[in-house]
Amino acid sequence: MASSRPKAPFSRRFRYGLRTYRAWIADFILAVGVALTVLAVGYFTPLASAGPFPAINSVTDTPSANYNLLFVVIGPIIVIVGAYMVGSYYVARHKFEHLMVTKSKAEFLRNIPELETILWDLTPQDEARYEQKRAELRVRR
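Residues numbered from 1 in each chain as written. Predicted model: local features only at pLDDT ≥ 70, side-chain atom pairs only at ≥ 80, totals over all residues. Heavy atoms only, no water.

A. Local environment of the nonpolar core. Judged by nonpolar contacts, the single largest core of 15 residues is most densely connected at Phe-96, Phe-108, Leu-115, Ile-118, Leu-122 and Tyr-130. For this core, the elements supplying multiple residues, two or more each, are helix H4 (67–101) and helix H6 (112–118). Counting residues per element, this core draws most heavily on H4, which supplies five residues. Residue contacts for Ile-118: discarding those within four places in its chain leaves Ala-92, Lys-95, Phe-96 and Leu-99. (Core = buried A, V, L, I, M, F, W, Y, C linked by side-chain atoms within 4.5 Å. Buried < 20%, exposed > 50% of the residue type's maximum accessible area, 1.4 Å probe, protein only. Helix = DSSP H or I, 4+ residues; strand = E, 2+ residues; numbered from the N terminus. Contact = heavy atoms within 4.5 Å.)

Take a look at the structure:
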């Protein structure tokens, strides 16, 4: 009877999922922040009477709570966090792709510390590509 491997703890699977889908998550957070900011702008500017905003504002401005006030505070904060996440991911992706294209072992060796730092912002598949490149250039640990 073959023994099956025990399932990894939830926290490890969650972190792995966050790293695997980092670009999608960053883009989603930025989009949510932009949407909340647009809703706030649509309530507090003359745009409140144009387009879809009257219908949206009737739902978000209830007698018991005005959610638009929350959108004014939370929206820009989420935009800033999302923009940082998107920017850091795509800058790291660009640097990683540039460093992985090199055929020079000397240049690769010079950039190993930077590559290992960049890998914190990238996916597990990129770590596998990095290890494959190290093996291809016969670089020891």
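Next comes the rest of the account.
B. Layout of the packing of helix H1 (residues 10–20) against helix H7 (residues 124–136). With their axes 8 Å apart at the nearest point, H1 and H7 run at an angle of 75° to one another. By the angle class used here, H1 and H7 are roughly perpendicular. On H7, the residues that touch Tyr-16, Arg-19 and Thr-20 of H1 are Pro-124, Gln-125 and Glu-127. A class-by-class count of the residues in the contact of H1 with H7 yields two nonpolar, two polar and two charged. (Axes fitted to C-alpha atoms, helices over the stretch in contact; angles between N-to-C directions. Parallel < 35°, antiparallel > 145°, perpendicular 65-115°, else oblique. Nonpolar A, V, L, I, M, F, W, Y, C, P; charged D, E, K, R; others polar.)

C. Looking closely at the side chain of Thr-20. Mapped onto the fold, Thr-20 is located in helix H1. According to the relative accessible area criterion, Thr-20 is buried, its value standing at 18%. At 2.7 Å, the side chain of Thr-20 forms a polar contact with the backbone oxygen of Tyr-16. When neighbours within four sequence positions are excluded, Thr-20 is seen to be in contact with Thr-123, Pro-124 and Gln-125. (Polar contact = N/O pair within 3.5 Å; in protein donor to acceptor, adjacent residues only side chain to side chain.)

D. Helix H2 (residues 22–44), seen in detail. Helix length check: H2, at 23 residues, gives a terminal C-alpha distance of 33 Å against a target of 33 Å (1.5 Å per residue), a fit within 8%. The complete set of buried residues in H2 reads Ala-23, Ala-26, Gly-33, Leu-36, Leu-39, Ala-40 and Gly-42. Packed against the buried residues of H2 are helix H3 (53–60) and H4. (Expected span 1.5 Å × (residues − 1).)

E. Expanded view of the environment of Tyr-89. Among the structural elements, Tyr-89 can be located in helix H4. In this view, Tyr-89 contacts Arg-22, Ala-23, Asp-121, Leu-122 and Thr-123; residues no more than four positions away in its chain are not counted.

F. A look at the pattern of salt bridges. Per the stated rule, a full pass over the model turns up seven salt bridges. A salt bridge links Arg-19 to Glu-127; the shortest N-O distance between them is 2.6 Å. On the criterion of sequence distance, the pair formed by Arg-19 in helix H1 and Glu-127 in helix H7 is long-range, its members being 108 residues apart. For Glu-127, a relative accessible area of 31% translates into the label partly exposed. Put simply, Arg-93, Glu-97, Asp-126 and Arg-129 are held in one network by salt bridges that share partners. (Salt bridge = Lys/Arg side-chain N within 4 Å of Asp/Glu carboxyl O.)

G. Structural detail: unusual backbone geometry. Despite not being glycine, Arg-138 has its phi angle at roughly 55°, a positive value. Inspection of the secondary structure assignment puts Arg-138 in the segment after H7. For Arg-138, a relative accessible area of 69% corresponds to the exposed category.

H. Summary view of the packing of H4 against H7. At their nearest, the axes of H4 and H7 sit 11 Å apart, and the two run at 20° to each other. For the element pair H4 / H7, the angle class is roughly parallel. Handedness of the crossing formed by H4 with H7: left-handed. Of H7, the residues touching H4 (which contributes Arg-93, Phe-96, Glu-97, Met-100 and Val-101) are Asp-126, Arg-129, Tyr-130 and Lys-133. Across the contact of H4 with H7, the residue classes break down as four nonpolar, no polar and five charged. (Left-handed = near helix turned anticlockwise from the far one by under 90°.)

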